[in-house]
Protein chains: 2
Amino acid sequence: SGNASASITADTNAGKMKAYTCQFCHGSNGIAANPAYPNINGQNEQYLYQSMKAYQNGERTNTMGKMMKQQLSSLQNQDLADIAAYYSTMD
Amino acid sequence: SGNASASITADTNAGKMKAYTCQFCHGSNGIAANPAYPNINGQNEQYLYQSMKAYQNGERTNTMGKMMKQQLSSLQNQDLADIAAYYSTMD
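We now turn to the structure provided with this report.

Turning our eyes to something else, we now look at the overall build of chain A. Each helix and strand counted, chain A has five helices and zero strands in total. Its helices and strands taken in sequence order, chain A reads α-α-α-α-α from the N to the C terminus. The globule rule puts the C-alpha radius of gyration for 91 residues at 12 Å, and the 12 Å found for chain A is close to it. For chain A, with 91 residues in total, the buried portion stands at 46%. Summed over its atoms, the accessible surface of chain A is roughly 4700 Å², and 51% of this surface lies on carbon and sulfur atoms. With 6 positive and 6 negative side-chain charges, chain A shows a separation of 10 Å between the mean positions of the two kinds.

Okay, here's the thing in structure tokens:
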């Protein structure tokens with residue numbers, strides 16, 4: 001599938017490991033534990049990547065945005081691409 | 001299903017009519033026409049409502065955020081609740 005950024009080749013297996021902490025809110029199956037959070041299984045890979053970059057860049061400024069910014073603060077673009085690929089390929 | 005805001009009763013039929021323009025990017029079936037946009041079929045109603053409020057409140061500041069703010073500028077909370085209910089009940 002088209003990866004999120006032309007220069008990055010996404011690895012869904014690496015994404016599964018890197019997505020370990022995501023599951024506590026987004027679910028191990030991508031179905032959110034809380035209706036205030038999005039389901040992300042099968043979501044568009046490019047949208048997932050762009051959303052995570054928006055959080056990292058502080059472009060989502062509400063409470064949830066600040067929390068997500070913190071969650072993603074240590075991740076590199078390769079990590080985001082892998083995580084985006086992992087959840088997007090999830091049914 | 002739990003509506004997006006305690007004081008609003010969502011109407012999915014009204015939501016279908018109010019969501020007329022959404023389909024050009026999000027698809028009449030909620031599957032985005034463009035991978036840069038999110039699929040929203042079956043997305044959590046509360047998350048959809050909160051995301052639209054975030055756009056209206058200017059809390060999503062990137063290019064897409066500004067575009068969505070404009071799209072939603074004329075809608076009231078009842079409209080957002082109806083649209084959120086409509087797409088969330090879509091398979």
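Quick look at helix 5 (residues 77–88) of chain B now. Residue and element names in this part refer to chain B. With 12 residues, helix 5 extends 16 Å from end C-alpha to end C-alpha; this agrees with the ideal 16 Å at 1.5 Å per step. Of all the 12 residues making up helix 5, 10 are buried; the element is thus mostly covered by neighbouring parts of the structure. Along helix 5, the residues that are buried comprise Asp 79, Leu 80, Ala 81, Asp 82, Ile 83, Ala 84, Ala 85, Tyr 86, Tyr 87 and Ser 88. The elements touched by buried residues of helix 5 are helix 1 (12–18), helix 2 (23–26), helix 3 (45–56) and helix 4 (63–72).

This paragraph deals with the interface of chain A and chain B. Contact residues are listed per partner, giving 20 residues for chain A and 20 residues for chain B. When chain A packs against chain B, close to 1600 Å² is buried across both sides, 39% of that on carbon and sulfur atoms. Interface area lost by chain A to chain B is led by Asn 44, Tyr 47 and Glu 59 of chain A, which between them contribute 28%. At the junction of chain A and chain B, the tally comes to 12 residue pairs in polar contact (both at pLDDT 80 or more).

With that settled, consider the packing of helix 3 of chain B against helix 5 of chain B. Residues and elements named next belong to chain B. Orientation of helix 3 relative to helix 5, taken along the N-to-C sense of each, is 140 degrees, at an axis distance of 8 Å. On the basis of their axis angle, the class for helix 3 and helix 5 is oblique. For the crossing formed where helix 3 meets helix 5, the hand is right-handed. Touching Glu 45, Leu 48, Tyr 49, Met 52, Lys 53 and Gln 56 of helix 3 are Asn 77, Leu 80, Ala 81, Ile 83, Ala 84, Ala 85, Tyr 87 and Ser 88, all from helix 5. Here the residues of the contact of helix 3 with helix 5 sort into nine nonpolar, three polar and two charged.

We now examine helix 3 (residues 45–56) of chain A. All names here are of chain A. The end-to-end C-alpha distance of helix 3 is 17 Å, a good match for the 16 Å that 12 residues give at a rise of 1.5 Å each. Across the 12 residues of helix 3, nine count as buried, placing the element largely inside the fold. All of the buried residues along helix 3 are Glu 45, Tyr 47, Leu 48, Tyr 49, Ser 51, Met 52, Ala 54, Tyr 55 and Gln 56. Two residues or fewer past helix 3, Gly 58 is found with a positive phi of approximately 70 degrees.

Cut-offs used in this document
- Residues numbered from 1 in each chain as written.
- Chains lettered and ligands numbered in written order.
- Predicted model: local features only at pLDDT ≥ 70, side-chain atom pairs only at ≥ 80, totals over all residues.
- Heavy atoms only, no water.
- Helix = DSSP H or I, 4+ residues; strand = E, 2+ residues; numbered from the N terminus.
- Rg over C-alpha atoms; globule rule 2.2 N^0.38 Å.
- Buried < 20%, exposed > 50% of the residue type's maximum accessible area, 1.4 Å probe, protein only.
- Areas by Shrake-Rupley, 256 points an atom, 1.4 Å probe, with all protein chains shown as cover.
- Lys, Arg positive; Asp, Glu negative; His and termini not counted.
- Charge placed at Lys NZ, Arg CZ, Asp CG, Glu CD.
- Expected span 1.5 Å × (residues − 1).
- Contact = heavy atoms within 4.5 Å.
- Buried area = accessible area lost by both parts, 1.4 Å probe.
- Polar contact = N/O pair within 3.5 Å; in protein donor to acceptor, adjacent residues only side chain to side chain.
- Axes fitted to C-alpha atoms, helices over the stretch in contact; angles between N-to-C directions.
- Parallel < 35°, antiparallel > 145°, perpendicular 65-115°, else oblique.
- Left-handed = near helix turned anticlockwise from the far one by under 90°.
- Nonpolar A, V, L, I, M, F, W, Y, C, P; charged D, E, K, R; others polar.

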